[in-house]
Amino acid sequence: MSEDIKGKNKGSLTRRKFLAGLTAGAAALALPAGNADAYMVEEYFRQHFKRLSKDDLKDILKKMEDELSFKYGKKITVKATPPMDDVVFGYALDLSRCIGCRRCIYACVKENNLSRNPQIHWIKVLEFEKENKKWQSLEHSNRYYNPETVPEEGRYYVPVQCQQCKNPPCVKVCPVRATWKEPDGIIVVDYNWCIGCRFCMAACPYGARNFNWGRPSVPKEEINPNMHYLGNRPQYKGTVGKCTFCIQRSRAGRYTACVEICPVGARKFGNLLDPKSEIRYILEHLKVFRLKESLNTNPKFFYFFSLGRPVKR
Amino acid sequence: MLIDAINGIIRTITRGSRAYKLWVGVLLVLAAIGISFVVKQASEGLIVTNMRNQVSWGWYIANFTFLVGVAAAAVVLVIPYYVYKYKPIGNIVLIGEIMAVAAVSMCLMFILLDMGSPERFWHLIPGLGIFNFPQSILTWDVVVLNLYLFLNLFLVVYALAKIYAGKSYKTGFIWPFIVFSIPAAISIHTVTAFLYAGLPSRPFWNAAILAPRFIASAFSSGPALMLIIFQIIRKRTKLEITDESLFKVGELITWAMAFNLFFLIAELYKEIYSATDHIASLDYLYYGLQGHDRLVPWIWTAVIFNSIAFLILLIPTLRKSFIPLNVACVLIFIGVYIEKGIGLVFPGFIPGTLGEIYEYFPNSLELWISVGVWSIGFLIFTLFAKVAIAIKTGEIGHANPAEEH
Ligand code: SF4
Ligand code: SF4
């Protein structure tokens, strides 16, 4: 799939010039055009991320930084760091450790500049009852548990986020290829390309994709200024977003925000292609499973139990 | 000639009985109300609807799905008329095609309304944007719907232009298009069913029976609507439509409904007897799940309406007298509207992929917007049909009414 987009790159040169001309023309028409107007026009005619040339991308990132820095009143950097060679990211979550504290959810919101109002969460933590006859039945899970303290006796917790499927149904169904799998295995969305049809949300078996039903809003004081074009930059009304394994961090060799915040160390992250990585150790030495294996989505997100019983705090 | 024609058309749509003017006036008002809500939705986003991440498609897509069926049903009339030369149905084929045009237009409006960023539609245009064909089945739907729209427009306009000029049009030239319109009609509804059927994430939709059921229900509800409209047209205009042709349509509806109910039983049997986890959505729809039962009264209404209508149609004497026939048509129209709209789209998302039960039901904004779209659809149909009938009956143009087209 990536090949044929690249293949069209040559042809898109003239088209891009044509569009650039249109943009300039439209901008000239909108007299007196401030910078912000010109940016909006450029944004409207902007091509798909994979069709942008290096120069165009540099230009766009620069303009975007200016716009966002102005809007949020602080220096903001937007990068488009490419994938590293010989890296495919994988994730493993230790269900015997997770205490259901939801710190990962809020660390993710903060790191990824997710809308606070309306609230958007890329991670969901499901609570299950041990007594339940149907352990695996998701219908018997509860996302809105709210006791005084966690973990509660007789309960266990299963955090779910994008499973970064090797065979992602969301990518297959998108009519405009606004979402795709990067070489390092991360499924990304071009927020400027998504038309908001929500077919991918119907197709995703893990409830991982989140639509911006309203205009997303992040308070100025809380904005995370280190952004990635395909990751945590502010999103738009009427488009879809999802967990990107904190692409802005992971591609810079850092852990994701959820891995870092987890107080019990339930979250493991690393390079599946590196035989010495922690994630490979887990896959090789512990019994792991994945959600809804029968659907053949082939997730790179694994669950495992490191202990016989959950840790007590 | 062209100026004449345009004048004639304008005269036809601006003049009419009081009932006609009232009807058009009401439609215009309803459309305006709908549009005012569209403005609100465009500025605030789809958050003004009741849709959420758990149920990410709702009333708009439900209407879309139902209307694709109505559009596809035009072919029910084309098959006997052109292929079997069943002449009595001739006068109503044109009207059926006009109905298809109106229905597809409404489909496209509902799709645009459901899009989060409709202003980015150019991303879909091959060449300018990226058209993920053939991978995304949604792009197939875009192709077949547009094709079907233009095909029907072409067939209607071609026929009308010929009749207007007083020429008898030979089917020779348009024959391939007519033949093509049959698989095209089947394909729009099949591809629409495939949108759902191809999603293993939603077991309720992930069934092979979905496409055949779509066709069966469409071929009963579409002609049911037509039967009623034909009777109104025949009362209010000079267009002649024979009883015989109407009863023929009634017969078609009977068969289609028989298949629809049979497929329903096949579907229910498979789910209930195997009783796996996948039954959850069906449970939610027909009995309620963990105390959530918002759709239960609706779906039973649909089942009962469809069954009663089928029983009425099954008895030839009832089917051939207008009062019971009309009762059956109204029941089927409502029954299938519920079944294909509410009963298909919503429970696909309930419970959600993570087991959450979010009881979606459209709010008043969604309902008003849909009323607006339906009004525009009826408006398209009314005006188009009025012009067509005026041409056909020789009120404008040079038609030779004696000739059977
Ligand atoms: S979990 Fe959902 S969003 Fe993530 S890759 Fe798989 S299908 Fe796509
Ligand atoms: S909502 Fe956006 S990302 Fe999802 S399928 Fe539609 S265009 Fe693609």
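Each chain carries its own residue numbering, running from 1 in the written order of its sequence. Chain labels run from A onward and ligand labels from 1 onward, assigned in the order the entries are written. Where totals are concerned, whole chains, interfaces and linings use all residues; where local detail is concerned, this predicted model gives features only for residues with pLDDT of at least 70, and gives and counts side-chain atom pairs only at 80 or more. Water and hydrogen atoms were dropped before computing side-chain values, which therefore reflect all heavy atoms in the structure.

### Considering the overall build of chain A
- Assigned secondary structure in chain A consists of ten helices and twelve strands.
- Only heavy atoms enter the contact rule, under which two residues are in contact if any of them lie within 4.5 Å. Here the analysis covers contacts within chain A between residues at least 6 apart in sequence; of these, 68% occur between residues at least 24 apart.
- Carbon and sulfur atoms make up 55% of the accessible area of chain A, which totals about 14500 Å². Numbering goes from the N terminus for both helices and strands, where a helix is a DSSP run of H or I of at least four residues and a strand is a run of E of at least two. Surface exposure here means Shrake-Rupley accessible area, sampled with a 1.4 Å probe, where a residue is shielded only by the protein chains that are shown.

### Structural notes on the overall build of chain B
- In terms of helices and strands, chain B carries 14 helices and zero strands.
- In chain B, the succession of helices and strands from N to C terminus is α-α-α-α-α-α-α-α-α-α-α-α-α-α.
- Here chain B has a C-alpha radius of gyration of 22 Å; the compact-globule value for 405 residues is 22 Å, and the two agree.
- Along the first, second and third principal axes, the C-alpha atoms of chain B reach 65 × 55 × 40 Å.
- Burial status follows relative accessibility: with a 1.4 Å probe on protein chains alone, a residue under 20% of its type maximum counts as buried, one over 50% as exposed, and anything between as partly exposed. Counting the 405 residues in chain B, one finds 57% classified as buried.
- If you take every contact in chain B between residues at least 6 apart in sequence, the share linking residues at least 24 apart comes to 76%.
- Of the roughly 16500 Å² that chain B leaves accessible, carbon and sulfur atoms contribute 71%.
- Only four residue types enter the charge count: Lys and Arg as positive, Asp and Glu as negative, with His and the chain ends excluded. A charge is said to be at NZ when it belongs to Lys, at CZ for Arg, at CG for Asp and at CD for Glu. Taken together, the 26 basic and 22 acidic charged side chains of chain B have centroids lying 12 Å from each other. Only C-alpha atoms enter the radius of gyration; for comparison, a globular chain is expected to reach 2.2 Å times N to the power 0.38, where N is the number of residues.

### Some points on the interface of chain B and chain A
- On the side of chain A, 57 residues touch chain B, which itself brings 48 residues to the contact.
- Accessible area that two parts lose when put together, evaluated with a 1.4 Å probe and summed over both, is termed the buried area. For the chain B and chain A pair, buried surface summed over both sides reaches about 4200 Å², with 55% attributable to carbon and sulfur atoms.
- A pair is scored as a salt bridge if a Lys or Arg side-chain nitrogen falls within 4 Å of a carboxyl oxygen belonging to Asp or Glu. Scanning the region where chain B abuts chain A turns up two salt bridges.
- Put simply, B:Glu356 and A:Arg143 hold a salt bridge, and the shortest N to O gap is 3.0 Å.
- Think of a polar contact as two N or O atoms within 3.5 Å of one another; within protein, one of them needs to be a possible hydrogen donor and the other a possible acceptor, and neighboring residues in sequence only count if both atoms come from side chains. Taken together, chain B and chain A are joined by 37 residue pairs in polar contact (both at pLDDT 80 or more).
- Secondary-structure elements contributing two or more residues to the side of chain B that touches chain A are helix H2 (18-44) and helix H6 (137-164) of chain B.
- Here the term charged refers only to Asp, Glu, Lys and Arg, the term nonpolar to Ala, Val, Leu, Ile, Met, Phe, Trp, Tyr, Cys and Pro, and the term polar to all other amino acids, Gly among them. A breakdown of the residues in the side of chain B that touches chain A according to their chemical character gives 22 nonpolar, 18 polar and eight charged.

### Concerning the site of ligand 2
- Think of it this way: one heavy atom of a residue within 4 Å of a molecule or strand is enough to make that residue near it. Around ligand 2, the neighbouring residues are A:Cys174, A:Pro175, A:Val176, A:Thr179, A:Cys194, A:Ile195, A:Gly196, A:Cys197, A:Arg198, A:Cys200, A:Arg209 and A:Val240.
- Of the residues belonging to the shell around ligand 2, the class tally is eight nonpolar, two polar and two charged.

### Describing the packing of helix H3 (residues 59-72) of chain B against helix H5 (residues 90-114) of chain B
Residues and elements named next belong to chain B.
- With axes taken as lines fitted to C-alpha atoms, and helix axes fitted only over the stretch in contact, angles between N-to-C directions fall between 0 and 180 degrees. Packing of H3 against H5 leaves a shortest axis separation of 8 Å and a crossing angle of 160°. Overall, the two elements H3 and H5 adopt an arrangement that is roughly antiparallel. You can see that H3 and H5 cross each other, and the crossing is left-handed. Contact residues: Tyr60, Ile61, Asn63, Phe64, Leu67, Val68, Val70 and Ala71 in H3; Met99, Ala100, Ala103, Val104, Met106, Cys107, Phe110, Ile111, Leu113 and Asp114 in H5. To sort the angles, those under 35 degrees are grouped as roughly parallel, those over 145 as roughly antiparallel, those from 65 to 115 as roughly perpendicular, and the leftovers as oblique. Working rule for handedness: look at the near helix, and if it is turned counterclockwise from the far one by less than a right angle, call the crossing left-handed; if clockwise, right-handed.

### Here's the deal with the pattern of salt bridges
All names here are of chain B.
- The final tally for this structure, using the stated rule, is 25 salt bridges over all chains.
- A salt bridge links Lys40 to Glu44; the nearest nitrogen and oxygen atoms lie 3.4 Å apart. Here Lys40 and its partner Glu44 are both found in helix H2, four residues apart, which amounts to about one turn of the helix.
- Residue Glu395 is joined to Lys238 by a salt bridge in which the shortest nitrogen-to-oxygen separation is 3.5 Å. Remark: Lys238 occurs in the loop between helix H8 (210-236) and helix H9 (243-274) and Glu395 occurs in the segment after helix H14 (364-392); sequence separation between them is 157 residues.
- On the basis of relative accessibility, which here comes to 58%, the residue Lys238 falls in the exposed class.

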